[in-house]
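# Secondary and tertiary structure notes
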Amino acid sequence: MAHSLITIKKRSTFVYVKDHGKHIRSSSFNIQKIEDLKLEKMIAVGYTATKRLGNAVIRNKCKRIMRELAKKIISKYGKINFYYVIIAKSNLLKKPFKEIELELKKLII
């Protein structure tokens, strides 16, 4: 069942998830997650692509990939009332999309 996704926009929310949430590491990205009952049966997702990845074109491509992953995987398998922050790594662009999908699915479930 697909749940509704909202995007994290405030820096304070990113910092809260970083400081209090659980960190999961992967070869293509890192995920930070925390449960918050204030979300009212929604899933909040944030995307981070740092300057270490490359120029703006590369960072934007990483964010597009992460948004598509969130639509396909997190909306389907993510837990409600959770914040998820996906942080891109350089391997994200080197792997096929199907492989990245499976990787995220294993981390979420």
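Now for a quick tour of the structure. Since the model is a prediction, treat every value here as computed from it, not as a measurement.

Procedures and definitions
Residues numbered from 1 in each chain as written. Predicted model: local features only at pLDDT ≥ 70, side-chain atom pairs only at ≥ 80, totals over all residues. Heavy atoms only, no water. Pairing = 2+ DSSP bridges. Helix = DSSP H or I, 4+ residues; strand = E, 2+ residues; numbered from the N terminus. Axes fitted to C-alpha atoms, helices over the stretch in contact; angles between N-to-C directions. Contact = heavy atoms within 4.5 Å. Core = buried A, V, L, I, M, F, W, Y, C linked by side-chain atoms within 4.5 Å. Buried < 20%, exposed > 50% of the residue type's maximum accessible area, 1.4 Å probe, protein only. Parallel < 35°, antiparallel > 145°, perpendicular 65-115°, else oblique. Left-handed = near helix turned anticlockwise from the far one by under 90°. Right-handed = clockwise from strand over helix to strand, strands pointing away. Salt bridge = Lys/Arg side-chain N within 4 Å of Asp/Glu carboxyl O.

This brings us to the sheet that holds strand β5 (residues 82-88). One open sheet holds the five strands; their spatial order is β1-β4-β5-β3-β2, and the pairing between them is mixed. Edge positions in the open sheet fall to β1 (5-7) and β2 (22-25), since each of these has one partner strand only. The sheet shows a mean angle of 25° between the axes of neighbouring strands, direction not considered. The sheet strands contacting helix α1 (residues 11-20) are β2, β3 (29-35), β4 (43-48) and β5, and the helix crosses β3 at an angle near 90°. Strand contacts of helix α3 (residues 97-108): β2, β3 and β5, with the helix running at about 30° to β3, the strand carrying the most contacts.

Turning to the environment of L5, a few remarks are in order. Relative to the assigned elements, L5 resides in strand β1. Here the alpha-carbon distance between L5 and K41, two residues 36 residues apart in the chain, equals 9.8 Å.

A few words on the nonpolar core. Grouped together as the largest cluster of nonpolar side chains are 24 residues, with contacts concentrated most on F29, I31, I74, L92 and L104. Among the elements that make up this core, the one with the highest residue count is helix α2 (residues 56-77) (seven residues). Apart from residues lying up to four places away in sequence, I31 is in contact with K22, H23, I24, Y84, V85, L104, L107 and I108. In this structure, I8, F14, V17 and I34 belong to the second largest nonpolar core, which totals nine residues.

With their axes 10 Å apart at the nearest point, α2 and α3 run at an angle of 45° to one another. Judged on the interaxial angle alone, α3 and α2 are oblique. As for the relative orientation of α2 and α3, their crossing is right-handed in sense. In this structure, α2 contributes I65, E68, L69, K72, I73, I74 and Y77 to the contact, and α3 contributes F97, I100, E101, L104, K105 and I108.

Moving on: the pairing of β4. For a regular strand, the rule is simple: side chains alternate between the two faces of the sheet. Across the six residues that make up β4, a large majority, five, are buried. Pairing between β1 and β4: three bridges, direction parallel. Looking across to β4, one finds that T7 is bridged to V45. Taken together, the six bridges between β4 and β5 define a ladder with parallel strand orientation. Looking at the pairing, I43 lines up with F82 of β5. Taken together, β4, α2 and β5 constitute a β-α-β crossover, and its handedness is left-handed.

Below, the discussion takes up the pattern of salt bridges. Evaluation of the coordinates by the stated rule reveals four salt bridges. With a shortest N-O distance of 3.1 Å, E103 and K95 are connected by a salt bridge. On the basis of relative accessible area, E103 is assigned to the buried category, the value being 14%. Of the residues examined, K95 reaches a relative accessible area of 23% and is grouped as partly exposed. With its nearest N and O atoms 3.9 Å apart, the salt bridge here joins E101 to K98. Taken together, the positions of E101 and K98, both in helix α3 and three residues apart, correspond to about one turn of that helix. In the salt-bridge network here, residues are joined through shared partners; they are K72, K98 and E101.

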